[in-house]
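# A structural walkthrough
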Amino acid sequence: LTPQAARVMFRKRGQQRWSALVSASTSRIARSMRAHLGEVRWRAFVAHVNKHYKEQFVRAFEPTSGVIACAGPIEGGPCPRAFEVRVEDPRARELLQSMHLDHTHDIDNVCSVWRASSPRARGAREWSVGVEPERLCRLLFGVTASSSGLEPCLHFRCGSSRAGRGVVERSCHSPRAHYAQAISDLLCALLAPASSPGRTLKLVF
């Protein structure tokens, strides 16, 4: 695998991950939110994130340094194996299988808070009713710090569920770790200011 071919492969992987996360009809977010929002609001949401977040998300898979490095466990600290994927490494294709673009907050938790704060409204056209749209999108798609100072909420961690072949023996990615992230933090991050005082939400996980 040449470095040029590896870069093409890295970008394709980013596009595949974007599709599986949001743009495909059976994407993870679609399964949680499409029926709740309705087709009009769902299509508006997808159009918005495709325009404002897709390219940045995909570019995370093709850094200018040519290196995708594990950020370490979600609990903190460096990767104990200093795991990384270098574009010039002949094993890049195999190693990339063991790298996961990891959400700080579990996607199902984020979508549950979103559903609880965004009422079903037949004929409504605005997908962001009840939530702060920039903060919601940062939680779901933020791979870099924003100009307004919001920290990235997605980080590469070794140990993708696709590994399974002994490529990574001690992985930093742990699905269970997401649930330790406080739901109260999600409420503060997602609720629009006008909707939050005294509001009681029923969360379904």
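Residues numbered from 1 in each chain as written. Predicted model: local features only at pLDDT ≥ 70, side-chain atom pairs only at ≥ 80, totals over all residues. Heavy atoms only, no water.

## As for the overall build of the chain
Of the regular secondary structure elements, the chain holds seven helices and four strands. For the chain, the α and β elements follow one another from N to C terminus as α-α-α-β-β-α-β-α-α-β-α. Residues counted as buried form 45% of the 205 residues belonging to the chain. Residue pairs at least 24 apart in sequence account for 70% of intrachain contacts in the chain once pairs closer than 6 positions are excluded. Element-wise, carbon and sulfur atoms account for 50% of the exposed surface of the chain, whose accessible area totals about 10,900 Å². (Helix = DSSP H or I, 4+ residues; strand = E, 2+ residues; numbered from the N terminus. Buried < 20%, exposed > 50% of the residue type's maximum accessible area, 1.4 Å probe, protein only. Contact = heavy atoms within 4.5 Å. Areas by Shrake-Rupley, 256 points an atom, 1.4 Å probe, with all protein chains shown as cover.)

## Thoughts on the layout of surface pockets
By volume, the second largest pocket amounts to about 190 Å³. If you trace the second largest pocket, you find 13 residues lining it, with Ala60, Pro63, Val143, Thr144 and Phe156 closest to the centre. The class makeup of the residues in the lining of the second largest pocket is nine nonpolar, three polar and one charged. (1 Å grid on protein atoms, 1.4 Å probe; cavity = no way out; pocket = protein on both sides within 12 Å on 5 of 7 lines; lining within 4 Å. Points joined across faces, edges and corners; volume = space filled by probe spheres on them. Nonpolar A, V, L, I, M, F, W, Y, C, P; charged D, E, K, R; others polar.)

## Digging into the pattern of salt bridges
Per the stated rule, a full pass over the model turns up 10 salt bridges. Salt-bridge contacts for Arg28 lead to Asp106; the nearest nitrogen and oxygen are separated by 3.6 Å. Note that Arg28 is positioned in helix H2 (residues 28-52) and Asp106 in the loop between strand S3 (99-103) and helix H5 (107-117), a separation of 78 residues in sequence. Judged by its relative accessible area of 7%, Asp106 falls in the buried class. (Salt bridge = Lys/Arg side-chain N within 4 Å of Asp/Glu carboxyl O.)

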